[in-house]
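The lines below spell out each chain.
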Amino acid sequence: MTLPREPVRIVVGPIDTAAETAFVAAASGVGAVVTFSGICRADEKGETISALHLEHYPGMAEQEIGKHVEQAHKRWPLLAARVVHRVGRIEPGEVIVFVATASAHREAAFAAAEFIMDYLKTSAPFWKKTEGGGKEAWVDANEKDDRAIERWK
Amino acid sequence: MTLPREPVRIVVGPIDTAAETAFVAAASGVGAVVTFSGICRADEKGETISALHLEHYPGMAEQEIGKHVEQAHKRWPLLAARVVHRVGRIEPGEVIVFVATASAHREAAFAAAEFIMDYLKTSAPFWKKTEGGGKEAWVDANEKDDRAIERWK
Amino acid sequence: MKIIYFAWLRERLDKTEEEIELPSSVQTVGELMDWLKTRGEEYAYAFDNPKVIRAAIDKTHVRPDAKLAGAREIAFFPPMTGG
Amino acid sequence: MKIIYFAWLRERLDKTEEEIELPSSVQTVGELMDWLKTRGEEYAYAFDNPKVIRAAIDKTHVRPDAKLAGAREIAFFPPMTGG
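Keep in mind it's a predicted model, so treat the numbers as computed, not measured.

Chemist: Summarise the packing of aromatic side chains; cite the residues concerned and give the values.
Modeler: Considering all chains together, one arrives at 24 aromatic pairs over all chains under this definition. Here F110 of chain A and F36 of chain B contribute two aromatic rings whose centre-to-centre distance is 5.5 Å and whose plane-to-plane angle is 10°, an arrangement assigned as stacked. Linking F110 of chain A in helix α3 (residues 106-123) with F36 of chain B in strand β2 (residues 32-39), this pair reaches from one chain into another. For F36 of chain B, a relative accessible area of 2% corresponds to the buried category. When the ring of Y57 of chain B is compared with that of F6 of chain C, the centres are 4.6 Å apart and the planes differ by 40°; the resulting orientation is tilted. Linking Y57 of chain B in the loop between β5 (51-56) and α2 (60-75) with F6 of chain C in the loop between β1 (2-5) and α1 (7-13), this pair reaches from one chain into another. Residue Y57 of chain B shares its accessibility class with F6 of chain C, and that shared class is buried. Aromatic ring contacts, followed pair by pair, group Y57 and W127 of chain A together with F6 and F77 of chain D into a single cluster. Its guanidinium or amino end placed over the ring of F23 of chain A, R82 of chain A lies 3.8 Å from that ring's centre, counting from NZ or CZ. The positively charged end of R12 of chain C is found above the aromatic ring belonging to Y45 of chain C, 4.1 Å away from the centroid.

Chemist: Provide a residue-level description of the arrangement of the chains, including the pertinent values.
Modeler: The pair of protein chains exhibiting the most contacts, out of 3 pairs of chains in contact, is chains A and B. In this structure chain B stays clear of chain D, and the shortest span between their C-alpha atoms is 10 Å. The two units chain C and chain D are non-contacting; their minimal C-alpha-C-alpha distance is 29 Å.

Chemist: Give a description of the side chain of K121 of chain A that names residues and reports values.
Modeler: Structurally, K121 of chain A is set in helix α3. For the buried residue K121 of chain A, which engages in no salt bridge, the nearest side chain bearing the opposite charge is D145 of chain A, 4.7 Å off. Those residues in contact with K121 of chain A that sit more than four places away from it in its chain are K128 and D145 of chain A, R106 of chain B together with M80, G82 and G83 of chain D.

Chemist: Give a detailed account of the sheet that holds strand β9 (residues 126-132) of chain A, specifying residues and quantitative values.
Modeler: Residue and element names in this part refer to chain A. Spatial ordering of the open sheet is given by β7-β5-β9-β10, a layout of 4 strands whose pairing is antiparallel. Two strands close off the open sheet at either side, each with one partner strand: β7 (88-90) and β10 (135-138). Here the strands of the sheet are splayed against their neighbours by 25° on average, with no regard to which way each runs.

Chemist: Residue-level account of the packing of helix α2 (residues 60-75) of chain A against α3 of chain A, with values.
Modeler: Residues and elements named next belong to chain A. At a minimum axis separation of 9 Å, α2 and α3 run at an interaxial angle of 155°. If you check the angle between α2 and α3, you find them roughly antiparallel. Like other packed secondary-structure pairs, α2 and α3 cross with a definite hand, here right-handed. Contacts between α2 and α3 involve E64, I65, H68, V69, Q71, A72 and R75 on the former and, on the latter, A112, F115, I116, Y119, L120 and S123. A per-class count over the contact of α2 with α3 returns 8 nonpolar, 3 polar and 2 charged.

Rules used in this analysis
Residues numbered from 1 in each chain as written. Chains lettered and ligands numbered in written order. Predicted model: local features only at pLDDT ≥ 70, side-chain atom pairs only at ≥ 80, totals over all residues. Heavy atoms only, no water. Phe/Tyr/Trp six-rings, centres within 6.5 Å; stacked < 30°, edge-to-face > 60°. Helix = DSSP H or I, 4+ residues; strand = E, 2+ residues; numbered from the N terminus. Buried < 20%, exposed > 50% of the residue type's maximum accessible area, 1.4 Å probe, protein only. Lys NZ or Arg CZ within 6 Å of the ring centre and 35° of its normal. Contact = heavy atoms within 4.5 Å. Lys, Arg positive; Asp, Glu negative; His and termini not counted. Salt bridge = Lys/Arg side-chain N within 4 Å of Asp/Glu carboxyl O. Pairing = 2+ DSSP bridges. Axes fitted to C-alpha atoms, helices over the stretch in contact; angles between N-to-C directions. Parallel < 35°, antiparallel > 145°, perpendicular 65-115°, else oblique. Left-handed = near helix turned anticlockwise from the far one by under 90°. Nonpolar A, V, L, I, M, F, W, Y, C, P; charged D, E, K, R; others polar.

Below, the structure written as structure tokens:
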């Protein structure tokens, strides 16, 4: 395995989700691994798009995600957790964000992956712009995402 | 992709989790993929084991899992769901069961994967026996698993 | 009627399945367990604690009060531990 | 003080960042937004609806009433849409 050891990374190219999954699964005592892949859809609000452009705030993006990965470790008996977020131009079908959590049992792995994603959506500084049909548009934030974090409070 | 089209399979050899994940991710309109891997631990109740032996009731095992995958499709807007369960001798670190769910958004994919796993644990006819230290022992059922399905009722 | 056994029930009985002609007094799954218990030492051992034993008729989970009429295949097994 | 802009704020202002000497009357993030708005047409457009704009001081989310004292870097951006 030649993956970086950092549990949170922002990358420009494709994400090797199989390698990331194998990395958390290899932690000692793991009985459950949950992964989440956020995938670029071919449409946004009914409009066909040819790509998304992901912009981020370097430094703060890693820090915000890292803070919530740390909180997940405090709330659940995790054995490993990794998050990789892609930036730049991303085409439909490609992975935008990948989260992998590992624990002895499934409850902690599921809860931690959802927790990390819910907070990533609302607090990590990334912005999506759509490309398609000759025009570009910034994606609006989703109110549902703000409500999702209420359950963790 | 040369995977079988059947969404529920019992297999004897290793599970190609990357191919299964790619299969559900390829469904049209997918924005979220959640996977769960149940992994053989090197210990069972504090005792070191060298392997698990998984026995199942052929026909009924596929049918019970399939029934709950169908129910998941009715409860959530899933675009794809697959379950592969391994039987026979499985060594520590190897995947015993793999679930992959795909939806436009993450809530449905997470909930369906948890739902399928909770019911698989309590209703699918599989039995685990441990091998190690020169002795064999049947694994006891977990009361926590019976409680887990209460939230879906 | 075909009866199938799994896990430690199979081991205690030392058989995976058998064809048995049931007496007409045996009408339910629970009655079948009670009757099997009388068939010898290994059956008494296997069905020692019928409360923990699960049953399926034609590959569908059933309770001890389920009727056997029309069943092709009865399976007995311990609580499941897959996944 | 260094100010950074992201997404459509960056586009409306046509700049990713700038160094600005703030008047002593500007003490909070909210006051900074109000003051920036007066700096020209593009600022008025960018900060047209300050309620939807988020801010961070030294890479930590802050509310409009957060004090600027001691800050090295202020960032303004729309609600986040990652993941």
